[in-house]
Amino acid sequence: MAVEGSLQGYESVQRLLSDNLPPHLFQEVNRVLLGYNGGKAVDTLTLPASVTKEAQSGNFDVLAYRFNAAPEQLRKPRIVRIGLIQNAIVLPTTDPYERQMNAIRDRIRILVDAAGEAGVNVLCLQEAWTMPFAFCTREKSWCEFAESAENGASTKFIQELARKHNMVIVSPILERDEAHGDILWNTAVIVGNHGNIIGKHRKNHIPRVGDFNESTYYMEGNTGHPVFETEFGKIAVNICYGRHHTLNWQAFGMNGAEIVFNPSATVGELSEPMWPIEARNAAIANTYFVGAINRVGTEHFPNAFTSGDGKPEHKDFGHFYGSSYVASPDASCTPSLSRYRDGLMVAECDLNLCQQVKDKWGFRLTARYDAYAKFFSDYIRPDFKPQVIKDLSLDSPKENGLH
Ligand SMILES: NC(=O)NCCC(=O)O
């Protein structure tokens, strides 16, 4: 029987295709599906044997690729290795919370250490990595997983790993904001490579779809669209549901992001057809690299809940389908990580590619921001009227011989 969450036993669409198509056909399909970087398929990157060994003994998927840019006369290449980690929760959601948190931390330590050995400079974990994605339940006991972004145990744990590996780590957690009445936020903490906290960003768009009842717990973020300037490049974080909002992506680009991470938690039936498109489109439209991360596995909760759609009550969210990947501004893209196993994606990127693609395609140059600024300022007025020009024959169909 195929493993739960697999595609008829395959870890990903790309692996299904490569194992079943003759090599010359796979090459053509791959070119169309994943694009070309510098006129050829995205290069694979060889990682130290210790990483592959670690992945085997720790049962996680590992993939590594390189995005090249053309050599320039006046600038040196700006090579950065980015890493994405996807993972399942470790213990049942019925176990004591502290044990659940510690077990996830132990697993994350193994994956982050592997990223360190793989030479990753900037790493991002999945959305709310410290806990089960319990927001489907609407139960308030899960709020206990919330922590201070600045002083919480998870931030301290990540700071230690960042220092150890000289790595910037983006750590998305459920934040408890003690300074403002203990309210919660969905927050990404940006930990610098010296273990320092560079800043934080709070999720801008909160879903109200399916079982994603997150608005029961926290409000839309109030941190704008910050870009964090790090030793390894300018990075930003568009948390999960924000990937459906093109202006959210755009604002990070307009603030100068070169790499945008999209830490997510999303399930198959709801969003899988969107997943390979949205982050990739954002990379193209905004001329930066994007790392999209989704958790894996099915999380079962003790009490049943309903989805307000007349269907029977249930105790799980559905399958989180992993499939994390990196998309490049030149429209090329890595294959995705496993659909059901924990994984580490490593992508070496020459950030010079961002400016090269900007110069080639001119999306910023041709953007007509002034026209859209006017459109949006009109749109938010209460007396806004949509610009629709009606075919007047619709009002007198007989005269036009339509009936
Ligand atoms: N975590 C989250 O925002 N999920 C919403 C569902 C989706 O955007 O696919």
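Per an unreviewed UniProt entry, the protein goes by Beta-ureidopropionase and derives from Riccia fluitans. Under Pathway (unreviewed entry), UniProt gives the following word-for-word description of the protein: "Amino-acid biosynthesis; beta-alanine biosynthesis."

Undergrad: What am I meant to see in the overall build of the protein here?
TA: Broken down by element type, the protein carries 10 helices and 15 strands. In terms of overall size, the protein behaves like a compact globule, its C-alpha atoms giving a radius of gyration of 22 Å where 403 residues would be expected to give roughly 22 Å. Principal-axis analysis of the C-alpha atoms gives the protein an extent of 75 × 55 × 50 Å. Sorting the 403 residues of the protein into buried and exposed places 52% on the buried side. Partitioning the contacts of the protein with sequence separation of at least 6, the portion at a separation of at least 24 is 71%. With an accessible surface of roughly 19100 Å², the protein has 54% of that area assigned to carbon and sulfur atoms. Once the 40 positive and 47 negative side-chain charges of the protein are each reduced to a mean point, those two points are 4 Å apart.

Undergrad: Got a minute to help me understand the UniProt feature "domain: CN hydrolase" (unreviewed entry) in the protein in this structure?
TA: The feature "domain: CN hydrolase" (unreviewed entry), as annotated in UniProt, sits at residues 80–351 in this numbering. Within residues 80–351, the helical portion is 22% and the strand portion 31%, while the C-alpha atoms at the span's ends are 7 Å from each other.

Undergrad: Explanation requested: the sheet that holds strand 6 (residues 183–191) in the structure shown.
TA: The eight strands are arranged 1-2-15-3-4-5-6-7 in an open sheet whose pairing can be described as mixed. In this open sheet, the two strands that pair with only one neighbour each are strand 1 (43–44) and strand 7 (197–202). Bridging between strand 6 and strand 7 involves five bridges; their strand directions are antiparallel. Note that in strand 7 the partner of Val 191 across the bridge is Ile 197.

Undergrad: For this particular structure, what's the right way to read the sheet that holds strand 9 (residues 233–237)?
TA: Within a sheet, adjacent strands bond to each other through the backbone by hydrogen bonds, running parallel or antiparallel. The mixed open sheet is built from five strands, whose spatial order is 8-9-10-11-14. If you trace the sheet from one side to the other, it starts and ends with strand 8 (228–230) and strand 14 (325–327), each paired once. Strand-to-strand twist of the sheet, defined as the mean angle between neighbouring strand axes without regard to direction, takes the value 25 degrees. Two elements, strand 9 and strand 10 (residues 259–264), share three bridges in a ladder whose sense is parallel. Residue pairing in the sheet places Ile 235 in a bridge with Ile 259 of strand 10.

Undergrad: Help me out: how do you make sense of the state of the cysteines in this one?
TA: Disulfides are covalent bonds that link the sulfur atoms of two cysteine residues. One pass over the full model with this rule turns up zero disulfides. In this model Cys 143 remains outside any disulfide bridge; the closest cysteine sulfur is found in Cys 136, 13 Å from its own. Relative accessible area serves as the criterion here: at 13%, Cys 143 is assigned to the buried category.

Undergrad: Explain the site of the ligand here, please?
TA: Lining the immediate surroundings of the ligand are 14 residues, of which Glu 127, Lys 203, Arg 243, His 244 and Thr 266 lie closest. For the ligand, a nitrogen atom lies 2.8 Å from a polar atom in the side chain of Glu 127. In the complex, 99% of the free accessible area of the ligand, which totals 280 Å², lies under the protein chains. Here the shell around the ligand is built from residues that sort into seven nonpolar, three polar and four charged.

Undergrad: Looking at this model, I keep getting lost on unusual backbone geometry. Mind explaining?
TA: Glycine aside, a negative phi is what most residues show, and trans is what most peptide bonds show. Unlike most non-glycine residues, Ala 331 shows phi in positive territory, near 80 degrees. Assignment of secondary structure puts Ala 331 in the loop between strand 14 and strand 15 (343–350). When its relative accessible area of 27% is taken as the criterion, Ala 331 is described as partly exposed. A positive phi angle is found at Arg 368, which is not glycine, with a value near 60 degrees. The exposure class assigned to Arg 368 is exposed, which follows from its relative accessible area of 54%.

Undergrad: Please clarify how the packing of helix 3 (residues 49–57) against helix 4 (residues 97–117) should be interpreted in this entry.
TA: Packed helices, taken two at a time, are described by their axes: the angle between them and the distance between them. Packing of helix 3 against helix 4 leaves a shortest axis separation of 9 Å and a crossing angle of 160 degrees. Taken together, helix 3 and helix 4 sit at an angle that is classed as roughly antiparallel. The two elements helix 3 and helix 4 meet at a crossing, and its hand is left-handed. Contacts from Ser 50, Val 51 and Glu 54 of helix 3 reach helix 4 at Ile 110, Ala 114 and Glu 117.

Parameters and conventions
Residues numbered from 1 in each chain as written. Predicted model: local features only at pLDDT ≥ 70, side-chain atom pairs only at ≥ 80, totals over all residues. Heavy atoms only, no water. UniProt positions renumbered as here; feature names shortened; annotations may be inferred. Helix = DSSP H or I, 4+ residues; strand = E, 2+ residues; numbered from the N terminus. Rg over C-alpha atoms; globule rule 2.2 N^0.38 Å. Buried < 20%, exposed > 50% of the residue type's maximum accessible area, 1.4 Å probe, protein only. Contact = heavy atoms within 4.5 Å. Areas by Shrake-Rupley, 256 points an atom, 1.4 Å probe, with all protein chains shown as cover. Lys, Arg positive; Asp, Glu negative; His and termini not counted. Charge placed at Lys NZ, Arg CZ, Asp CG, Glu CD. Pairing = 2+ DSSP bridges. Axes fitted to C-alpha atoms, helices over the stretch in contact; angles between N-to-C directions. Disulfide = S-S within 2.5 Å. Near = heavy atom within 4 Å. Polar contact = N/O pair within 3.5 Å; in protein donor to acceptor, adjacent residues only side chain to side chain. Nonpolar A, V, L, I, M, F, W, Y, C, P; charged D, E, K, R; others polar. Parallel < 35°, antiparallel > 145°, perpendicular 65-115°, else oblique. Left-handed = near helix turned anticlockwise from the far one by under 90°.

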